[in-house]
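Chain by chain, the residues run as shown.
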Amino acid sequence: MSMDARGPSGSSVPSSGAQGPSGPSSGAQGAAGPSGASNPPGRPGPSGPSGSPIRVLVVEDDPVAADAHQLYVGRVPGFSVEGVAHSRVAAGRLLDRTDIDLILLDLYLPDGHGLQLLRSLRAAGHHADVIAVTSARDLTVVREGVSLGVVQYVLKPFTFATLRDRLTRYAEFRAAAGEASGQEEVDRALGALRAPQPSSLPKGLSAPTLEAVTRTLRASVEGLTAAEAGALAGISRITARRYLEHLVTSGRAERSPQYGHVGRPELQYRWVSTTR
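Residues numbered from 1 in each chain as written. Predicted model: local features only at pLDDT ≥ 70, side-chain atom pairs only at ≥ 80, totals over all residues. Heavy atoms only, no water.

Some words on helix α8 (residues 226–233)
Listed as buried for α8 are A226, A229 and G230. In a view along the axis of α8, the buried residues occupy a sector of 100°, so they form one face of it. Away from its buried face, by an angle of more than 90 degrees, α8 presents the exposed residues A231 and L232. Taken together, the buried residues of α8 touch α7 (207–219), α9 (237–249) and β11 (266–271). Where α8 terminates, the next one or two residues include G234, which has phi positive at roughly 80°. (Buried < 20%, exposed > 50% of the residue type's maximum accessible area, 1.4 Å probe, protein only. Helix = DSSP H or I, 4+ residues; strand = E, 2+ residues; numbered from the N terminus. Arc of directions from axis to C-beta. Contact = heavy atoms within 4.5 Å.)

Shown next, in the form of structure tokens:
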């Protein structure tokens, strides 16, 4: 897994070698889309000529995270960032004048919830697809988002590989055209969108054990040492520490030394609460 630096809102900031569009200044409202496009603003039409990029709007209030998301999208072939907006109002104005196919939408904006923006866009006739890039884990919000056209959720913090996977699958779904030969082809088209491959784990780590350690850590208000987490999850202290360190590396947990005992201080691990 890439050891990218973390932005304030939780997403990974690309390494300095990443080549993508230049990030906007913190006050930028977003770049205007191509002039003279034949489709109404914000309404994706049929697939364009071969090689025509999917036009993306990044909506994220944190400038560092917005730059990171813009750079990430720029690294995925077939996608083009047409603008960046740091607020609900700025996003609405940009969509009124720019052709957009896909919105990367943070749900927590300074002037309103992202789903409020989405409801107003649907009411105005904008049909761009949406990938929610957010820390929101409320399943009620997830269901409401799906009803409004959110096709994927990417939970912060995430790596470039995670976003690339979602974008690639979206492009595959979008490319499906014509009449399906039967149920199997319909299922395959929807499967590209709804069934992403699990994120790869470092060698030696398994998804079930990671889930068990994650549940254990999240249930602890005060935090846990590796020995305590191991005892609760039914694994050894050494194994628990490997999984806890993985959670720290991926930004989902934090560690701090616990003093007050004879000898070296123990490391205390706590789940990172995401309120954004």
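Comments concerning the nonpolar core
Core analysis: the biggest nonpolar cluster contains 24 residues, and L57, V59, I103, L105, L107 and L117 have the highest contact counts within it. At the level of elements, β3 (54–59), α2 (88–97), β5 (102–105), α3 (114–123), β8 (129–134) and β9 (150–155) are the ones that each hand at least two residues to this core. Leave out the neighbours within four places in its chain, and L57 touches G83, V84, A85, A91, L94, L95, I100, L102, I103 and L104. The next biggest cluster of nonpolar side chains, apart from the first, holds 21 residues, and it includes V76, V81, L104 and F158. (Core = buried A, V, L, I, M, F, W, Y, C linked by side-chain atoms within 4.5 Å.)

Overview of the pairing of strand β4 (residues 79–85)
Among the seven residues of β4, six are classified as buried, and the element is accordingly described as predominantly covered. Relative to β4, β3 runs parallel, the two being bridged by six bridges. By the bridge assignment, R55 is partnered in β4 with S80. The β-α-β motif built from β3, the intervening helix α1 (residues 63–74) and the parallel element β4 has right-handed crossover chirality. (Pairing = 2+ DSSP bridges. Right-handed = clockwise from strand over helix to strand, strands pointing away.)

Side note on the sheet that holds β9
Read across the open sheet, the five strands follow the order β4-β3-β5-β8-β9; overall the sheet is parallel. Looking along the sheet, the strands with just one partner apiece sit at the ends: β4 and β9. Looking at each pair of strands side by side, their axes are set apart by 20° on average, direction ignored. Where β8 meets β9, five bridges bridge the pair, whose relative direction is parallel. Its bridge partner being in β9, T134 is matched across the sheet by L155. Contacting β3, β4, β5, β8 and β9, helix α5 (residues 160–175) runs over the sheet at an angle of about 170° to β9. (Axes fitted to C-alpha atoms, helices over the stretch in contact; angles between N-to-C directions.)

Overview of the packing of aromatic side chains
Within this structure, the stated rule accounts for two aromatic pairs. With a centroid separation of 5.4 Å and an interplanar angle of 55°, the aromatic rings of Y72 and F160 are classed as tilted. Here Y72 is found in helix α1, whereas its partner F160 is found in helix α5, with 88 residues between them in sequence. An aromatic cluster is built from Y72, F158 and F160, whose rings are joined through pairwise contacts. Over the ring of F160 we find R75; its NZ or CZ atom is 3.9 Å from the centre of that ring. (Phe/Tyr/Trp six-rings, centres within 6.5 Å; stacked < 30°, edge-to-face > 60°. Lys NZ or Arg CZ within 6 Å of the ring centre and 35° of its normal.)

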